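One letter stands for each residue in the lines below.
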Amino acid sequence: MFTRQVPAGLLAASVLLAAGCSADKETSVPASPPPVPSSAPSIAGSAKAEQDALVAYRGLWNAFVEAGKTSDAESAGLRTYASGNALKLIVSSLYTDKELGKITKGEVALQPKVVKRTPEVSPAALTIEDCVDATRWLEYKASGGLWDDKPGGKHRNTAIIKKQQDGAWRVDAFALRGSGTC
């Protein structure tokens, strides 16, 4: 026997149409109240922008860590999450590492916080402050062994994440300060 589920919305529409075709009863649909102006959409838009910017920021770091394993400046992940000066800086760093025979292994720990929205409502750019913990992300020779005996450290980072014309959020610029700055 063949049986099929009927979508609830389709079933409800069928019942309403059948009720509306009855000649014996007059039915009326109550008018819905007019929309009340609220600041909720702008607050919701700002919260969504913050969420998207944080996803882009974390995505860039994940892509950078992955690309660093082979010093792959052509890694597609970088272009997914970075644009402008941020992309130029990271790509340049990876090209230099590749030429030097250097790779980076390990992981970073992030604690990003949005500190500024531009403009405040429906932002097109956000500023993120972070303390990038790179104590477990170290430089190695591509042929094996540590590059040097310097330990990783914690770096203060300020990043600008912008909404692009395609609607995606990308890290456009950042200033990563020296080890021990946070």
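Structure shown above.
One structure accompanies this document, and this report is about it. Since the model is a prediction, treat every value here as computed from it, not as a measurement.

Quick notes on the overall build of the protein chain
The number of helices and strands found in the protein chain is four helices and five strands. For the protein chain, the α and β elements follow one another from N to C terminus as α-α-α-α-β-β-β-β-β. Here the protein chain holds 182 residues, and 29% of them are scored as buried. Contacts in the protein chain between residues at least 24 apart in sequence constitute 60% of all its contacts with a sequence separation of at least 6. Only carbon and sulfur atoms are counted for the fraction: they give 57% of the accessible area of the protein chain, which is about 11,900 Å².

Considerations on the pairing of strand E3 (residues 125-141)
Regular strands show a simple pattern: their side chains alternate between the two faces of the sheet. Relative to E3, strand E1 (residues 102-109) is paired through seven bridges, and the arrangement is antiparallel. Each residue of the ladder has a partner; that of Ile103, found in E3, is Tyr140. Between strand E2 (residues 113-118) and E3, which pair antiparallel one after the other, the connecting turn spans six residues, and Ser122 there sits at a positive phi close to 50 degrees. Pairing of E3 with strand E4 (residues 154-163), which is carried by nine bridges, proceeds in the antiparallel orientation. The residue bridging Asp130 from the neighbouring strand is Asn157, located in E4.

Notes on the nonpolar core
Tyr57, Trp61, Leu78, Val108, Ile161 and Val171 are the most contacted members of the largest nonpolar core, which has 30 residues in total. Taken together, the elements giving at least two residues each to this core come down to helix H2 (40-68), helix H4 (84-100), E3, E4 and strand E5 (169-179). Looking at this core, the element that brings in the most residues is H2, giving 10 residues. Every residue in contact with Ile161, bar those within four places of it in the chain, is listed here: Ala53, Ala56, Tyr57, Ala124, Ala125, Leu126, Ile128, Trp169, Arg170, Val171 and Asp172.

Details of the environment of Ala63
Relative to the elements of secondary structure, Ala63 occurs in helix H2. With relative accessibility at 10%, the residue Ala63 sits in the buried group. Once the C-alpha coordinates of Ala63 and Gly77 are considered, the two residues, 14 residues apart in sequence, prove to be 5.2 Å apart. What Ala63 contacts, discounting residues up to four positions off in sequence, is Gly77, Leu78 and Tyr81.

Focus on the state of the cysteines
This model, assessed by the stated rule, comprises one disulfide. There is a disulfide in this structure between Cys131 and Cys182, and the S-S distance comes to 2.0 Å. With the S-S dihedral at roughly 80 degrees, the linkage between Cys131 and Cys182 falls on the right-handed side. One end of the pair, Cys131, is in strand E3; the other, Cys182, is in the segment after E5, with 51 residues separating them in the sequence. The exposure class assigned to Cys182 is partly exposed, which follows from its relative accessible area of 31%.

Overview of the pattern of salt bridges
Inspection of the entire model under this criterion finds 10 salt bridges. When the shortest N-O distance is used, the salt bridge between Arg117 and Glu50 registers 2.9 Å. Of this pair, Arg117 sits in strand E2 while Glu50 sits in helix H2, and the two are 67 residues apart along the sequence. One salt bridge connects Lys102 with Glu139, and the closest N-O pair in it is separated by 3.5 Å. Here the residue Lys102 occupies a position in strand E1, and Glu139 occupies one in strand E3, the gap between them amounting to 37 residues.

Focus on H4
The terminal C-alpha atoms of H4, which comprises 17 residues, lie 25 Å apart, in line with the 24 Å expected from a rise of 1.5 Å per residue. Among all positions of H4, only Ala86, Leu87, Ile90, Val91, Leu94 and Asp97 are buried. For H4, the buried positions fall inside an angular range of 125 degrees around the axis, keeping them on one side. The exposed residues of H4 that point more than 90 degrees off its buried face are Asn85, Lys88 and Glu99. Directly after H4, the chain includes Gly101, whose backbone phi takes a positive value near 80 degrees.

Procedures and definitions
Residues numbered from 1 in each chain as written. Predicted model: local features only at pLDDT ≥ 70, side-chain atom pairs only at ≥ 80, totals over all residues. Heavy atoms only, no water. Helix = DSSP H or I, 4+ residues; strand = E, 2+ residues; numbered from the N terminus. Buried < 20%, exposed > 50% of the residue type's maximum accessible area, 1.4 Å probe, protein only. Contact = heavy atoms within 4.5 Å. Areas by Shrake-Rupley, 256 points an atom, 1.4 Å probe, with all protein chains shown as cover. Pairing = 2+ DSSP bridges. Core = buried A, V, L, I, M, F, W, Y, C linked by side-chain atoms within 4.5 Å. Disulfide = S-S within 2.5 Å. Salt bridge = Lys/Arg side-chain N within 4 Å of Asp/Glu carboxyl O. Expected span 1.5 Å × (residues − 1). Arc of directions from axis to C-beta.

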